[in-house]
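# Chains, contacts and geometry: an overview
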Amino acid sequence: MADHVYKKLELTGSSAIGIEDAVSNAIAKAAKTIHHLRWFEVSEIRGGIDDGAIAHWQVSLKIGFTLDD
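Residues numbered from 1 in each chain as written. Predicted model: local features only at pLDDT ≥ 70, side-chain atom pairs only at ≥ 80, totals over all residues. Heavy atoms only, no water.

## Comments concerning the pattern of salt bridges
Here is the rule: What counts as a salt bridge is simple: a side-chain nitrogen of Lys or Arg found within 4 Å of a carboxyl oxygen of Asp or Glu. The classification of residues rests on relative accessible area computed with a 1.4 Å probe and restricted to protein chains. Under 20% of the type maximum is buried, over 50% is exposed, and intermediate values are partly exposed.
Tallying each qualifying case throughout the model produces one salt bridge. Two residues, R46 and E44, come together in a salt bridge whose shortest N-O distance is 3.0 Å. Residue classification places R46 among the partly exposed positions, given a relative accessible area of 30%.

## A word on helix α1 (residues 19-31)
The condition that has to hold: Strands here mean DSSP runs of E at least two residues long; helices mean DSSP runs of H or I at least four residues long; both are numbered from the N terminus. Here the expected span of a helix is defined as 1.5 Å times the quantity of residues minus one. Directions are taken from the helix axis to each C-beta atom, and the arc is the one they span.
The end-to-end C-alpha distance of α1 is 19 Å, a good match for the 18 Å that 13 residues give at a rise of 1.5 Å each. Within α1 the residues assigned to the buried category are A22, V23, A26 and A30. Axial view of α1: buried residues confined to an arc of 100°, hence all on one face.

## With respect to the side chain of S60
Note the following rule: We call two N or O atoms a polar contact when they sit within 3.5 Å, provided that within protein one can donate a hydrogen and the other can accept it, with sequence-adjacent residues counted only if both atoms are side-chain atoms. Residue contacts are defined here by distance: any two heavy atoms, one from each residue, within 4.5 Å place the two residues in contact.
The topology assignment puts S60 in strand β3 (residues 53-66). Polar contacts involving the side chain of S60 include one to the side chain of T12, which spans 2.9 Å. There is a polar contact of 3.3 Å between the side chain of S60 and the side chain of R46. Beyond its immediate stretch of four places on either side in the chain, S60 contacts E10, L11, T12, E41, V42, S43, E44 and R46.

## A few points about a nonpolar patch on the surface
The following threshold applies: Only residues whose relative accessible area exceeds 30% and that form no salt bridge enter a patch; like-charged residues are grouped when within 9 Å of one another, and nonpolar side chains (Val, Leu, Ile, Met, Phe, Trp, Tyr) when within 5 Å. Shrake-Rupley sampling with a 1.4 Å probe provides the accessible areas, and residues are treated as covered by the protein chains on show and by no other component.
Taken together, the side chains of I19, F40, V42 and I45 present a nonpolar region at the surface, about 330 Å² in accessible area. For the nonpolar patch, the element with the highest residue contribution is strand β2 (residues 37-50), accounting for three residues.

Read these as layout, nothing more, since geometry by itself doesn't imply function.
As structure tokens, then:
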């Protein structure tokens, strides 16, 4: 296995559907412009409330990727 150097990027994804969808939205958007995505870690979960009910979810996450040679 070759040695790698990693970089972390912090993003916040959102979704009216749920937490997993918010994470997926953030990763899908990052994958459009960043190569070699390897892992993610959730750092914060929060949401918005509208009229006494959950209106949307926001999930902050760090995405790790390898740098090009």
